[in-house]
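One-letter residues, chain by chain:
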Amino acid sequence: MSVSMRDLDPAFQGAGQKAGIEVWRIENFKPVPVPQSSYGKFFTGDSYVILKTVALKSGALRHDIHYWLGKDTSQDEAGAAALKTVELDAALGGRAVQYREVQGHETERFLSYFKPCIIPQEGGTASGFKHVESEEHKIRMFTCQGKHVVHVKEVPFARSSLNHDDIFILDTANKIFQFNGSNSSIQERAKALEVVQHIKDTYHDGKCDIATVEDGKLMSDADTGEFWGFFGGFAPLPRKTVTDDVKIDDAIPTQLLCVEKGQAEPVAADSLTKELLDTNKCYLLDCGSEIYVWMGRSTSLDERKAASGAAEEYLRSKDRLKSNIIRVIENFETVAFRSKFDTWPQSAEVAVSEDGRGKVAALLKRQGLNVRGLLKAAPVNKEEPQPYIDCTGNLQVWRVNGQEKILLPVSDQSKFYSGECYIFQYNYPGEDQEECLIGTWFGKQSVEDERNSATSQANKMVESLKFIASQLQVYEGSEPILFFAIFQSFLVFKGGLSDGYKNFISEKELPDDTFKDDGISLFRVQGSGPENMQAIQVEPVASSLNSSYCYILLSGSLVFTWIGNLTTPEVQELVERQLDVIKPNMQSKLQKEGSESEQFWEILGGKSEYPSQKIARDAESDPHLFSCTFLKGDLKVTEIYNFNQDDLMTEDIFILDCHSSIFVWVGQEVDQKLKTQALVIGEKFVKRDFLLEKLSPQVPVYIINEGSEPQFFTRFFTWDSTKSAMHGNSFQRRLSILKNGGRPTLTNKPKRRTPVAHAGRSATAEKPQQRSRSVSFSPDRVRVRGRSPAFNALASTFENASARNLSTPPPQVRKPYPKSDSSNAASRSTALASLAATFEQQPPREPLMPRSIKPRPKSPPKSDSNSKENTMSSKMEALTIQEDVKENEVEDEEGLTLYPYERLITVSTDPAPDIDVTKRETYLSSAEFREKFGMTKEAFYKLPKWKQNKLKMALQLF
C-alpha cells in the first residue's frame with residue numbers, strides 16, 4: 001500500500017475477529033478473498049496472504065500472517081503481498097508475527113494449517129498463466145519428506161528421480177503407489193500415506209487402488225512388479241544428490257544487522273543480548289535458514305516497510321531467496337527468536353488490554369491508516385478448573401521410609417506430613433475399562449534420598465502393571481485439581497515421621513517442628529467445596545494470615561477459627577468441616593478479621609501485617625505439543641503445530657505442555673529401556689523450559705502410556721480410542737486405516753487387565769476398602785455430598801458430636817441400604833423428602849466433574865455365614881419381582897421396560913440389561929419411584945440437575 005492510503009483495504013475489513021484461517025490471493029496488486037472450499041489450493045504463478053487467528057485461554061486473539069509466493073509469481077506481485085501483510089498487521093494492532101513462505105520451503109507452522117499437505121498446481125493470474133484444467137489423468141510423481149508435516153514436491157516421472165532416502169508417490173490413472181526408500185523412517189512412511197489418501201480423495205474421487213512398494217524387495221509381489229513396469233523394469237537406484245533446494249544454511253553463524261535508511265549494517269558485539277535492540281530502530285537477525293526482521297515499538301510504518309525491503313534485498317545479495325523471512329514486533333517476539341540470544345530477560349507477558357489497543361489505534365491513525373478492524377479482546381474465561389477424573393474409585397497410600405513403603409490405614413490416607421514422601425495408587429472407572437493412576441507426592445521438607453526412593457518404587461509399580469497405568473509426580477504446594485479431587489479432604493502437617501527426615505534435622509541441628517496435638521499450630525483452610533478442601537499447616541505467626549482464607553488456630557485446649565474478610569460463605573463452611581477432622585471434640589472460638597481477641601494475637605506472637613490476595617497458582621495455558629529425541633542424556637524437542645491425535649506416533653515420545661501441567665506420552669513401540677526414562681525426560685523438559693514461559697520446576701508431571709490414555713489427557717484432542725488400541729507400527733496402522741476406508745480396524749481389541757493393588761512390605765494381605773460416595777444424612781443438617789473413605793475413616797473416630805454445638809456435624813459412615821428391608825422404607829423416604837426440601841435453602845453447587853459414563857457394578861457387602869437363609873430369602877424375593885415384571889410386560893408411558901429397584905442400583909448383583917445408566921431412575925414404576933424418592937417423577941424432574949444427582953447418589957442410582 002502507499003503511504004498516503006488512509007483506508008484499510010476493503011478485503012481486510014472484519015478480518016481476524018474469530019478463530020480460524022482466512023486466505024486472500026493477490027490479483028492486480030490487491031487482495032481478493034479465496035472461498036473457504038479452495039483453502040489449501042495454491043497456484044505456482046500466484047501470491048497469497050494467509051491469516052491464522054487463534055483464541056487464547058486468556059481471552060485474547062493471537063494472529064500469525066503468512067504471505068506465500070509461488071515459484072512463478074512476479075516480483076511485483078510478491079512485493080504487493082509483502083506490503084499487504086504489513087497493512088493487515090497494522091489493522092490487527094501491530095502484534096502479529098509475519099512469515100514469508102516460498103514454495104517448496106514453507107515453514108512447518110504454515111503447512112500445519114493445510115494438513116496433510118499442499119500440492120501447488122501450475123497456473124496463475126497476474127503472472128499471465130492460466131489455471132490448468134487437465135482433461136485426462138496424467139501420471140505424476142511426488143517426493144514426500146517430513147515426520148510431522150509433509151513437504152510434497154512434484155518431481156519428473158523418471159527412474160532417476162528415485163533414491164533410497166526419500167518416499168515417492170506415483171499417481172497413475174487407476175492406482176496410487178507409495179515407494180518407501182530403504183533409508184526412510186517409519187514415521188515418514190506413515191505421514192506419506194496421509195498424502196496418498198489426500199490424492200485419492202482429491203484427484204480420484206476416492207475411487208482408486210492403493211499399493212505400497214518397499215525399496216529392495218525387487219519383484220516380490222504383483223504390485224511391486226506393476227510399479228517397476230512403469231519405469232521399464234527394475235534397475236539399481238542412484239544415490240541422492242544434494243541440490244540447491246536442500247542446501248543447509250544452518251551452518252551460517254547468527255549475525256545481527258541494523259537497518260538504517262533502508263540499508264542493513266552489521267552490529268559489532270561479542271554476544272547477542274536484548275540490550276542491543278533499540279526500540280526506535282529495526283534490525284535483521286540472520287540465522288541461516290531464516291532471517292528475522294525485528295521492529296521496535298516506536299518505529300513508523302514506513303520504517304517497517306523499509307526493513308522488510310532490506311531483508312528481501314539482503315537475501316537476494318546472498319543468493320538465498322529460498323530462506324524464510326519472519327517479522328516480529330518488540331515485546332511480541334516468538335520463542336524461537338528469543339532463543340537465538342545469549343541472554344533475554346524473562347519479563348512479564350505483555351497484557352493485551354483495551355487501553356493498549358487504543359494507543360495502538362491512535363498511533364496508526366496518526367500515520368495515516370484507518371484501523372476500523374482493530375479487535376477487542378474476548379472476556380477472560382474464569383471457570384473453575386475441572387479434574388476430568390472419576391472420583392468414586394479405590395485409593396491406597398504408602399508413606400516412604402528409606403527404601404521401603406509403608407501402607408497407611410484408611411484413616412490416615414489423607415494426612416500427609418511436609419517432611420515425607422508418599423506413593424498413591426488410585427483405581428477408578430474409565431470409559432472402557434478400569435483405569436489406574438500411580439503417583440508420588442513430595443513434601444517441601446522431604447529429603448532427596450526419599451524422593452528418589454519414592455520415584456524408583458512408583459516406577460517399579462508401573463512396570464509391574466506392564467505400563468498400563470498412568471503416573472503423576474506432585475510437589476507440595478503445586479498439586480493439580482485432579483489430585484485434590486481424588487483425596488477430597490486433604491491435610492498437610494509440618495514435620496515428618498520417617499527415619500530420613502529425623503536424621504536430616506538431626507545432622508543439620510534443626511528444630512523438630514512436627515505437628516503435636518498439645519502444641520501451637522495454625523492451619524490455612526482452602527478449597528472450592530467439600531469435594532475439594534485442604535487444611536495446610538503454616539507458621540503460627542500473624543504474617544501467615546491472609547484475608548482471602550480462613551484459618552484454624554490450635555493452642556493446647558484452645559481452638560480458634562479465623563474468618564478472612566474476603567472469604568465466601570462456601571469457604572467459611574469448610575473450616576467447620578476440617579475442624580471435624582482435626583479437633584472434633586473441641587468448642588471453637590470464632591474470630592472475624594478486624595475483631596480478634598487479645599488472646600488470639602497473643603498466641604500468634606502479636607499483630608503484624610499480612611497479605612490479602614490469594615496465593616497465585618499457575619493457570620492452564622494453551623497447550624503445546626513437542627516430539628522428543630533423547631540420546632545420551634541430551635533432550636531435543638520439535639514443536640508440532642495445530643496438533644491432533646494422528647500426530648502421536650507410536651514409535652516416539654511426545655510432551656504436551658499446558659504450563660500448569662506437563663504430560664509425557666509414551667508410544668507402545670518405544671524401546672523398553674527408554675520407557676523407563678519417561679519421567680527423566682519430563683524433568684529435563686521442565687528444567688530446559690523450551691517455551692521460555694517461566695515454567696515452575698515443581699510443575700506436576702504426568703506419564704501417559706499409549707492405549708491407556710485417561711480423560712484428563714485426551715481432553716486436549718478430538719480422541720478416537722480405537723486408534724490408540726491398534727497394533728503395529730505407525731505405517732502399518734495408517735495403511736490399515738487407508739485400506740479400510742479411513743476407519744481404524746481392530747481385529748482383537750486388547751483388553752487391559754484390572755490393575756492390582758500393591759501391598760506394602762509391612763502391609764500383609766490387607767484388602768483395599770471400597771470407596772463409598774453415598775450421601776450421609778444428619779437429622780439437623782444435610783451433607784452436601786459423600787466423602788472419600790479416607791475422610792470418613794478419619795472422622796468416624798470422632799463420633800461424639802455432643803461435645804460442642806457443631807454447625808457441621810461429623811460425617812457418618814453409613815452402610816448401603818439393605819436390599820429387602822421394608823421397615824426402613826418409610827424413614828428413608830422421609831429422609832429423602834427432607835433432603836429435597838432443604839435444597840431450596842442450599843446454594844446450588846455444580847458438581848466438580850461429570851460422572852463416569854459407564855459405572856462399574858460393585859461387589860455387594862459380604863454377609864455372615866449364619867445369614868444364608870436371609871440371603872436366599874432376599875434372592876427369592878428379587879426373583880419374584882423380576883418374574884412379575886416379565887409376566888406383566890410392564891412399560892412406562894415412554895415404552896421403557898420397568899425394573900425393580902434392586903436391579904437398577906449400581907451395586908446390583910443382577911443388573912438390568914440394556915438400560916441408560918445415566919437415567920436409572922426412569923426404569924422404576926411410579927409407585928416404587930414415589931416410595932424411594934418421596935415425590936412423583938414429574939416433581940423430581942422439575943428439580944435442578946444438581947439436586948437430582950444428589951438424590952440419585954443417596955439411592956445408589958448414580
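Residues numbered from 1 in each chain as written. Predicted model: local features only at pLDDT ≥ 70, side-chain atom pairs only at ≥ 80, totals over all residues. Heavy atoms only, no water.

Participant: How should I be thinking about the pattern of salt bridges in this particular structure?
Facilitator: Two side chains of opposite charge can pair, provided their charged atoms sit close to one another. Inspection of every chain in the model, using the stated rule, returns 34 salt bridges. A salt bridge links Glu-27 to Arg-25; the nearest nitrogen and oxygen atoms lie 2.7 Å apart. Classification of Arg-25 as buried rests on a relative accessible area of 18%. Here Asp-647 and Lys-115 are joined by a salt bridge, their closest N and O atoms 2.8 Å apart. With a gap of 532 residues between them, Asp-647 in the loop between β29 (634–640) and β30 (653–657) and Lys-115 in the loop between α2 (108–112) and β6 (140–145) connect regions that are remote in the sequence. Accessibility expressed as a relative area gives 2% for Asp-647, which makes it buried. (Salt bridge = Lys/Arg side-chain N within 4 Å of Asp/Glu carboxyl O. Buried < 20%, exposed > 50% of the residue type's maximum accessible area, 1.4 Å probe, protein only. Helix = DSSP H or I, 4+ residues; strand = E, 2+ residues; numbered from the N terminus.)

Participant: Could you clarify how one ought to interpret the packing of aromatic side chains in this entry?
Facilitator: In this description, an aromatic ring pair is defined by two values, namely the gap between the centres and the angle between the planes. In total, this model carries 63 aromatic pairs according to the counting rule given. Taking the ring centre of Trp-398 as reference, the NZ or CZ of Lys-405 above it sits at 5.7 Å. Its guanidinium or amino end placed over the ring of Tyr-549, Arg-524 lies 5.5 Å from that ring's centre, counting from NZ or CZ. (Phe/Tyr/Trp six-rings, centres within 6.5 Å; stacked < 30°, edge-to-face > 60°. Lys NZ or Arg CZ within 6 Å of the ring centre and 35° of its normal.)

Participant: What is the right way to read the sheet that holds strand β25 (residues 550–555) from this model?
Facilitator: Within a sheet, neighbouring strands are paired by backbone hydrogen bonds and run either parallel or antiparallel to one another. Taking strand neighbours across the sheet as the criterion, the seven strands line up as β18-β22-β24-β23-β25-β26-β27 in an open arrangement whose pairing is mixed. Bordering the open sheet on either side are β18 (415–417) and β27 (589–592), each of which pairs with just one other strand. Across the sheet, the mean angle separating the axes of adjacent strands is 20° when strand polarity is ignored. Of the pairings in the sheet, the one linking β18 to strand β22 (residues 489–493) comprises three bridges and is parallel in character. Its bridge partner lying in β22, Tyr-417 is registered against Phe-493. (Pairing = 2+ DSSP bridges. Axes fitted to C-alpha atoms, helices over the stretch in contact; angles between N-to-C directions.)

Participant: How should empty space enclosed by the protein be read in this particular structure?
Facilitator: A water-sized probe, rolled over the atoms, reveals where empty space remains. Scanning the model with the defined rule gives six cavities of 30 Å³ or more in all. Each pocket or cavity is described by its volume, and for the largest cavity that value is around 260 Å³. Gln-645, Asp-646, Leu-648, Arg-733 and Arg-734 are the residues nearest the centre of the largest cavity, which is lined by 19 residues in total. For the lining of the largest cavity, the secondary-structure elements that each account for two or more residues are α3 (186–203), α16 (721–724) and α17 (730–739). Among the elements that take part in the lining of the largest cavity, α17 stands out by supplying four residues, more than any other. Split into classes, the residues belonging to the lining of the largest cavity amount to seven nonpolar, four polar and eight charged. Lining the second largest cavity we find Asn-459, Val-462, Glu-463, Phe-467, Gln-471, Lys-675, Thr-676, Ala-678, Leu-679, Ile-703 and Asn-705. (1 Å grid on protein atoms, 1.4 Å probe; cavity = no way out; pocket = protein on both sides within 12 Å on 5 of 7 lines; lining within 4 Å. Points joined across faces, edges and corners; volume = space filled by probe spheres on them. Nonpolar A, V, L, I, M, F, W, Y, C, P; charged D, E, K, R; others polar.)

Participant: Quick question: what am I supposed to make of unusual backbone geometry here?
Facilitator: Among all residues except glycine, the phi angle is most often negative; among peptide bonds, the trans geometry is most common. In this structure, Pro-116 follows Lys-115 across a cis peptide bond, with omega equal to 10°. Position of Pro-116 relative to the elements: it lies in the loop between α2 and β6. Backbone geometry at Asp-319 places phi at a positive 55°, although glycine is not the residue there. With respect to the secondary-structure elements, Asp-319 resides in the loop between α5 (301–317) and β15 (324–329). Despite not being glycine, Lys-694 has its phi angle at roughly 55°, a positive value. By the secondary structure assignment, Lys-694 is in the loop between α14 (678–688) and β32 (701–705). Taking relative accessible area as the criterion, Lys-694 reaches 43% and is therefore assigned partly exposed.

Participant: Would you mind going over the pairing of strand β23 (residues 520–529) with me for this structure?
Facilitator: Each regular strand displays side chains that alternate between the two surfaces of the sheet. With seven of 10 residues buried, β23 lies mostly within the body of the structure. Relative to β25, β23 runs antiparallel, the two being bridged by six bridges. Paired with Ser-521 across the bridge in β25 is Leu-554. Note that β23 and strand β24 (residues 532–538) share seven bridges and pair antiparallel. Counted as the bridge partner of Arg-524 is Ile-536 from β24. Here β23 folds back onto β24 in antiparallel fashion, the turn holding two residues.

Participant: Looking at this model, I keep getting lost on the packing of α3 against α17. Mind explaining?
Facilitator: Two quantities define a packed helix pair, namely the angle between the axes and the distance from one axis to the other. Contact geometry of α3 with α17 gives a least axis separation of 7 Å together with a crossing angle of 15°. What the angle tells us is that α3 and α17 run roughly parallel. Remark: the crossing between α3 and α17 carries left-handed chirality. Along its contact with α3, which presents Ile-186, Arg-189, Ala-190, Leu-193, Glu-194, Val-196 and Gln-197, the element α17 presents Ser-730, Phe-731, Arg-734, Leu-735 and Leu-738. (Parallel < 35°, antiparallel > 145°, perpendicular 65-115°, else oblique. Left-handed = near helix turned anticlockwise from the far one by under 90°. Contact = heavy atoms within 4.5 Å.)

Participant: Help me out: how do you make sense of the nonpolar core in this one?
Facilitator: In a soluble, globular protein the nonpolar side chains are often hidden away together inside. Ranked by size, the top nonpolar core spans 59 residues in total, and within it Phe-424, Phe-483, Ile-486, Phe-487, Ile-552, Phe-663 and Phe-712 carry the most contacts. Core analysis: the second largest hydrophobic core is formed by 22 residues, Val-670, Ala-678, Leu-679 and Ile-703 among them. (Core = buried A, V, L, I, M, F, W, Y, C linked by side-chain atoms within 4.5 Å.)

Participant: Sorry if this is basic, but what is going on with α5 here?
Facilitator: In an α-helix, one full turn covers 3.6 residues, which means residues spaced three or four apart are oriented alike. For α5, spanning 17 residues, the distance from its first C-alpha to its last is 24 Å, which sits close to the expected 24 Å at 1.5 Å a residue. Residues of α5 that are buried include every one of Leu-301, Arg-304, Lys-305, Ala-307, Ser-308, Ala-310, Ala-311, Glu-312, Tyr-314 and Leu-315, and no others. (Expected span 1.5 Å × (residues − 1).)

Participant: Just to check I follow, could you spell out helix α4 (residues 222–229) for this structure?
Facilitator: Taken as a whole, α4 has its buried residues at Thr-224, Phe-227 and Trp-228. All buried residues of α4 fall inside an arc of 90° around its axis, so they share one side. Close packing links the buried residues of α4 with β8 (167–171), β9 (175–180) and β10 (209–214). Measuring from the backbone nitrogen of Asp-223 back to the side-chain oxygen at the start of α4 gives 3.1 Å, which picks out Asp-221 as the cap. (Arc of directions from axis to C-beta. Polar contact = N/O pair within 3.5 Å; in protein donor to acceptor, adjacent residues only side chain to side chain.)

Participant: Would you take a moment to explain the sheet that holds strand β13 (residues 282–286) for this structure?
Facilitator: Strand order in this open sheet of 10 strands is β2-β1-β3-β4-β5-β15-β14-β13-β11-β12, and the pairing throughout is mixed. Among the strands making up the open sheet, the edge pair consists of β2 (30–33) and β12 (263–266). Across the sheet, the axes of successive neighbouring strands diverge by a mean angle of 25°, strand direction being ignored. Where strand β11 (residues 255–260) meets β12, four bridges bridge the pair, whose relative direction is antiparallel. The residue of β12 that forms the bridge with Cys-258 is Glu-265. Lying on the sheet, helix α1 (residues 75–91) is in contact with β1 (20–27), β2, β3 (47–55), β4 (61–69), β5 (97–102) and β15; it crosses β4 at an angle near 175°. Of the strands in this sheet, β4, β5, β11, β13, β14 (290–295) and β15 touch α5, which is tilted by about 25° from β13.

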